[in-house]
Amino acid sequence: MNKLTATLAALGILTVPALAQSTLEDADGNGTFSFSELSIAYPQLTEERFVMLDTDESGDVSPTELSAGMDAGLLED
């Protein structure tokens, strides 16, 4: 039973990023993501981490910045 519980827990954890990506939407269609757009998909996102994601300091996060931030673990709790 413990193996089954551990497996189900691992699968649940692995589906969280997929769910977040499926709810991530560029609502204003400008090709980047604002804090409010990202915080819908990533409710744990803080303004401090958003600033860390926004490496070019444009006030929005580009898909490239988002990918780099994900790789760096900035969107994990």
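No experiment lies behind these values; they were computed from the predicted model shown.

Draft legend 1. Region of interest: unusual backbone geometry. Of note, Glu57 is a non-glycine position whose phi angle comes to about 55°, a positive value. Locating Glu57 in the fold gives a position in the loop between α3 (47-53) and α4 (63-71).

Draft legend 2. The arrangement of the side chain of Asp54 in detail. Tracing the backbone through its elements, the reader meets Asp54 in the loop between α3 and α4. The buried charged residue Asp54 lacks any salt bridge partner; its closest oppositely charged side chain belongs to Arg49, at an N-O distance of 15 Å. Polar side-chain contacts of Asp54 include one of 3.1 Å to the backbone nitrogen of Ser58. Setting aside anything within four residues of it in sequence, one finds Asp54 in contact with Gly59, Asp60, Val61 and Glu65.

Draft legend 3. Focus on the nonpolar core. The biggest cluster of nonpolar side chains holds 12 residues, and these are Leu24, Phe33, Leu38, Ala41, Tyr42, Leu45, Phe50, Leu53, Val61, Leu66, Leu74 and Leu75. Of all the secondary structure elements, the ones that give two or more residues to this core are α2 (35-41) and α3.

Draft legend 4. Highlighting the side chain of Glu37. Mapped onto the elements, Glu37 comes out in helix α2. Of the buried charged residues, Glu37 lacks a salt bridge, with Arg49 as the closest side chain of opposite charge at 19 Å. Not counting the four nearest positions on each side in its chain, Glu37 is found in contact with Leu24, Glu25, Asp26, Ala27, Asp28 and Thr32.

Draft legend 5. The arrangement of α4 in detail. Along α4, the residues that are buried comprise Glu65, Leu66 and Gly69. Buried residues along α4 cover an arc of 100° about the axis, so they all sit on one side. Opposite the packed face of α4, turned more than 90 degrees from it, sit the exposed residues Thr64 and Asp71. For α4, the secondary structure elements touched by its buried residues are α2 and α3. Just past α4, the residue Gly73 takes up positive phi, approximately 80°.

Draft legend 6. Quick look at the packing of aromatic side chains. Within this structure, the stated rule accounts for one aromatic pair. An angle of 85° between the planes, with centres 5.6 Å apart, marks the rings of Phe35 and Phe50 as edge-to-face. Highlighted residues: Phe35 in helix α2 and Phe50 in helix α3, separated in sequence by 15 residues.

What counts and what doesn't
- Residues numbered from 1 in each chain as written.
- Predicted model: local features only at pLDDT ≥ 70, side-chain atom pairs only at ≥ 80, totals over all residues.
- Heavy atoms only, no water.
- Helix = DSSP H or I, 4+ residues; strand = E, 2+ residues; numbered from the N terminus.
- Buried < 20%, exposed > 50% of the residue type's maximum accessible area, 1.4 Å probe, protein only.
- Lys, Arg positive; Asp, Glu negative; His and termini not counted.
- Salt bridge = Lys/Arg side-chain N within 4 Å of Asp/Glu carboxyl O.
- Polar contact = N/O pair within 3.5 Å; in protein donor to acceptor, adjacent residues only side chain to side chain.
- Contact = heavy atoms within 4.5 Å.
- Core = buried A, V, L, I, M, F, W, Y, C linked by side-chain atoms within 4.5 Å.
- Arc of directions from axis to C-beta.
- Phe/Tyr/Trp six-rings, centres within 6.5 Å; stacked < 30°, edge-to-face > 60°.

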